[in-house]
Amino acid sequence: MCGIIGILSNKEVGNSLIDGLSRLEYRGYDSAGIATINQNTINRCRAAGKLQALKDLVEKNPLSGSVGIGHTRWATHGSPTKRNAHPHATDRVAVVHNGIIENYQILKEALISQEVAFQSETDTEVVVHLIEQELQLGKSIEIAVVESIAKLEGAFALAIIFKDNPDILIGTRRGSPLVLGIKEDELFLGSDAWSLAPWTQKICYLEEGDTVIMCRGSNFTYKIYDANNQLVNRDIKQLNLATGAASKGGYSHFMLKEIFEQPQTLSDTLLSLVDEHNKTIRNELPIDFTNKNLRIRLIACGSSYYACLMAKYWFEKTARILCEVDLASEFRYRDPVLNSDDTCLFVSQSGETTDTLAALNLAKNMGCLTVAIVNVPESSMARSAHQHILTMAGPEIGVASTKAFTSQLMVLNVLSLYAASARKIIDNHTIAEHITELLHIPNFISQVLQNISEFDQLGQRLSQARDALFIGRGTNYPVALEGALKLKEISYIHAEAYAAGELKHGPIALVDSATPLIAIAPNDSWFEKTASNIQEVATRGAPVFVLTDNQEFNVKSCEFRSIYLPKAGTVANCFIYTCAVQCIAYYTALHKGTDVDQPRNLAKSVTVE
Ligand code: M6R
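Residues numbered from 1 in each chain as written. Predicted model: local features only at pLDDT ≥ 70, side-chain atom pairs only at ≥ 80, totals over all residues. Heavy atoms only, no water.

Each assigned domain of the protein is listed here: domain 1 (3-245), domain 2 (247-450) and domain 3 (452-592). Each side of the interface is counted separately: domain 2 has 33 residues, and domain 3 has 32 residues. For the pair domain 2 and domain 3, the two sides together bury roughly 2,700 Å², of which 77% comes from carbon and sulfur. Area buried by domain 2 at its contact with domain 3 is led by Tyr-306, Tyr-313 and Val-448, which between them contribute 22% of it. Summed over the shared surface of domain 2 and domain 3, the result is zero salt bridges. Those elements giving two or more residues to the side of domain 2 that touches domain 3 turn out to be α7 (254-260), α8 (262-271), α9 (302-319), α13 (403-422) and α14 (428-450). Per-element tally for the side of domain 2 that touches domain 3: the top contributor is α14, with ten residues. Here the residues of the side of domain 2 that touches domain 3 sort into 20 nonpolar, twelve polar and one charged. (Domains from an automatic or database assignment. Contact = heavy atoms within 4.5 Å. Buried area = accessible area lost by both parts, 1.4 Å probe. Salt bridge = Lys/Arg side-chain N within 4 Å of Asp/Glu carboxyl O. Helix = DSSP H or I, 4+ residues; strand = E, 2+ residues; numbered from the N terminus. Nonpolar A, V, L, I, M, F, W, Y, C, P; charged D, E, K, R; others polar.)

With that settled, the discussion passes to the site of the ligand. Around the ligand sit 15 residues, and of these Ser-304, Ser-348, Ser-350, Thr-353 and Glu-489 come closest. At 3.3 Å, a backbone N or O of Val-399 approaches a nitrogen atom of the ligand. The backbone of Ser-401 places a nitrogen or oxygen atom 2.8 Å from an oxygen atom of the ligand. Coverage of the ligand by the protein amounts to 91% of the 410 Å² it exposes when considered alone. One can see that the ligand is located within the second largest pocket. Looking at the shell around the ligand, the elements with two or more residues in it are α9 and α16 (476-491). Per-domain counts for the shell around the ligand show at least three residues from each of domain 2 (247-450) and domain 3 (452-592). (Near = heavy atom within 4 Å. Polar contact = N/O pair within 3.5 Å; in protein donor to acceptor, adjacent residues only side chain to side chain. Areas by Shrake-Rupley, 256 points an atom, 1.4 Å probe, with all protein chains shown as cover. 1 Å grid on protein atoms, 1.4 Å probe; cavity = no way out; pocket = protein on both sides within 12 Å on 5 of 7 lines; lining within 4 Å. Sits in = over half its atoms within 2 Å of the grid points.)

This next bit is on the pairing of strand β11 (residues 202-205). Both faces of the sheet carry side chains from a regular strand, because those side chains alternate between them. Here strand β9 (residues 179-183) pairs with β11 via three bridges, running antiparallel. From the neighbouring strand, Gly-181 faces β11, where its bridge partner is Ile-203. (Pairing = 2+ DSSP bridges.)

Our next topic: helix α11 (residues 354-365). At 3.6 residues per turn, the α-helix brings residues three or four places apart onto the same side. With twelve residues, α11 ought to run about 16 Å at 1.5 Å a step, and its terminal C-alpha atoms sit 16 Å apart, in line with that. For α11, the set of buried residues is Thr-354, Asp-355, Thr-356, Leu-357, Ala-359, Leu-360 and Ala-363. On its buried face, α11 is in contact with β18 (295-300), α10 (328-331), β20 (342-348), β21 (369-374) and α12 (380-384). Phi turns positive, to about 90 degrees, at Gly-367, one or two residues after α11. (Expected span 1.5 Å × (residues − 1). Buried < 20%, exposed > 50% of the residue type's maximum accessible area, 1.4 Å probe, protein only.)

For the rest of this paragraph, the subject is the packing of aromatic side chains. One pass over the structure, following the stated rule, counts nine aromatic pairs. Residues Tyr-26 and Trp-194 carry aromatic rings whose centres are separated by 5.9 Å and whose planes lie at 75 degrees to one another, so their mutual orientation is edge-to-face. On the criterion of sequence distance, the pair formed by Tyr-26 in the loop between α1 (14-22) and β2 (31-38) and Trp-194 in helix α6 (residues 193-196) is long-range, its members being 168 residues apart. Taken together through their ring pairs, the aromatic side chains of Phe-289, Phe-315 and Tyr-418 make up a single cluster. (Phe/Tyr/Trp six-rings, centres within 6.5 Å; stacked < 30°, edge-to-face > 60°.)

Turning our eyes to something else, we now look at the packing of α1 against helix α2 (residues 51-60). Two measures define how a pair of helices packs: the angle their axes make with one another and the distance between the axes. One way to put it is that α1 packs onto α2 with a least axis distance of 11 Å and a crossing angle of 170 degrees. When the interaxial angle is binned, α1 and α2 end up roughly antiparallel. Contacts between α1 and α2 involve Asn-15, Ile-18, Leu-21 and Ser-22 on the former and, on the latter, Leu-51, Leu-54, Lys-55 and Val-58. For the contact of α1 with α2, the class distribution of residues is five nonpolar, two polar and one charged. (Axes fitted to C-alpha atoms, helices over the stretch in contact; angles between N-to-C directions. Parallel < 35°, antiparallel > 145°, perpendicular 65-115°, else oblique.)

Before going further, it helps to spend a moment on the state of the cysteines. Going through the model one piece at a time under the given rule, you end up with zero disulfides. Unpaired in terms of disulfides, Cys-215 finds its nearest cysteine sulfur in Cys-204, a separation of 15 Å. Note on Cys-215: relative accessible area 22%, which makes it partly exposed. Cys-579 provides the cysteine sulfur closest to Cys-574, a residue in no disulfide bond, and the two sulfurs are 13 Å apart. Residue Cys-574 is classed as buried on the basis of its relative accessible area of 0%. (Disulfide = S-S within 2.5 Å.)

What follows is about the sheet that holds strand β24 (residues 494-499). Pairing in this open sheet of five strands is parallel, and the strands run β24-β23-β25-β26-β27 from one edge to the other. In this open sheet, the two strands that pair with only one neighbour each are β24 and β27 (560-564). Looking at each pair of strands side by side, their axes are set apart by 20 degrees on average, direction ignored. Summarising the sheet, strand β23 (residues 467-472) and strand β25 (residues 517-520) pair through three bridges and their orientation is parallel. Bridge pairing links Leu-469 to Leu-517 in β25. Here α16 sits on the sheet in contact with β23, β24 and β25, set at roughly 175 degrees to β24.

In space, the eight strands of this open sheet follow the order β3-β2-β4-β1-β10-β9-β11-β15, with antiparallel pairing throughout. Only two strands of the sheet have a single partner each, and these edge strands are β3 (41-48) and β15 (237-238). With eight bridges joining them, β2 and β3 adopt antiparallel strand pairing. In the strand pairing of β3, Thr-36 is matched with Asn-43. With respect to the sheet, α2 is in contact with β2 and β3, its orientation differing from that of β3 by roughly 140 degrees.

Encoded structure:
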């Protein structure tokens, strides 16, 4: 989603703005732009498409100035054109925005009725005109901003510069993330700390409703006002983030690299939670599962939601705890029944997903214990929840989640084990056995990846399909869902996943010779049932591709192929088969020639609802 950079410096900032934007590219975007103030004018450069297009323009016509703002735009209101790209500007003020101004239509109509001319189709443009109007009334910059943002509804992080005062940069946030970076002789704004890391690791996370006024005088100073316009002090953190540009390390795509990192990331995540020698769970997990009335609510979006669906099987089977799973975007608006015995787990790779964050705040306000399971330690969810648990996946650059997803599964599985132990449902011996199975998972994943050429062949075949069906039962069902989502995201092939037992209730009508079936069918307690469902589909003429560890399995079909995966326990299978569907999606996209790491229309961090 949109990314923001702001710099107030003594040096030229044009190239640095673009450099900062390059560290926000991972969020997904479709146009980019920068603006600086120089010699009493606002200079802007904007381009549709990738950052390279903007770089090329700036190389030809450098933008001078020591204060500036930059933006990568993920289009919401108005197509991804140069005209709609940020910064938006009047003669005196330029603004970049992440979020959505929900009441922009009403504001726009009012402005148009006052003869204000709009240049773009964006919601953001109302913000510049509102500030411009206040400035025209002779108000100070600070008052003009405060009074303008008071009129906005929705979510926003804004960075604002002013033609008549190149010594000031203002940032403000409500709903969308924004951080302040501090150096003795420069101040920065960024959508995340990582984008600022090469410049400074002294970071202040602006809180909901905060406005920061950054000034250049004989030295660099800033003031932060809270949502009530009271001057406040916010903590400054000294971070220790890697500063090197993310590298593909010899792999053709970040996604492939991240798939291959899973043996390591799964091991890191597991060992942060368990003692591998004693085969015990480290007693540092932040939930008291002994409360007999406890209910678990798992809330997330996208792949993280599928991780929650998987966890429901584990919490209910292993720990016998009632567990409900919700899509954050539904949960937050359906007036859910919650009580103080509910523990709400919010699962998010980025820790910034707007819907999940809003659901978290809702549950917190209703008195529930909130626990965020996130991959980014300083993310909004980590900071907002009562407690958080980290997945140790490291930065994930590919838009399609792979290693972050499997690390979420690992945390959730250990948590279910911990819950079962706290409730005395399983004894130490069973816990040790379970941990032993988990400790083998990295090795199983390595075995899957040793035979990656099989996925390459299957990917080539699937790249010719327009539609695909995935099926699985039990914990193989969330794997099927994840497989279908991965395939859709990066190869743009229409794919749906069904619990295998549901096929006969409608989806079997979709079966034909052009619609391949991918079955997640390890030889587990659900195998015989799934095998019958596969047979039913094969009989109706579909090409059938089965992921299994059962070498005996065969069906008569127009086209049949099995990919054999390592024999393992039911829990390890969740990881093994997930890795397999990731590889299938990757190679299908590769053969189709789509943009694997930055698929069209998608964003890594979904900061609008
Ligand atoms: O950062 P989050 O885990 O909260 O993101 C949720 C979804 O947007 C995310 O999982 C999305 O579905 C991915 N593109 C999946 O590959």
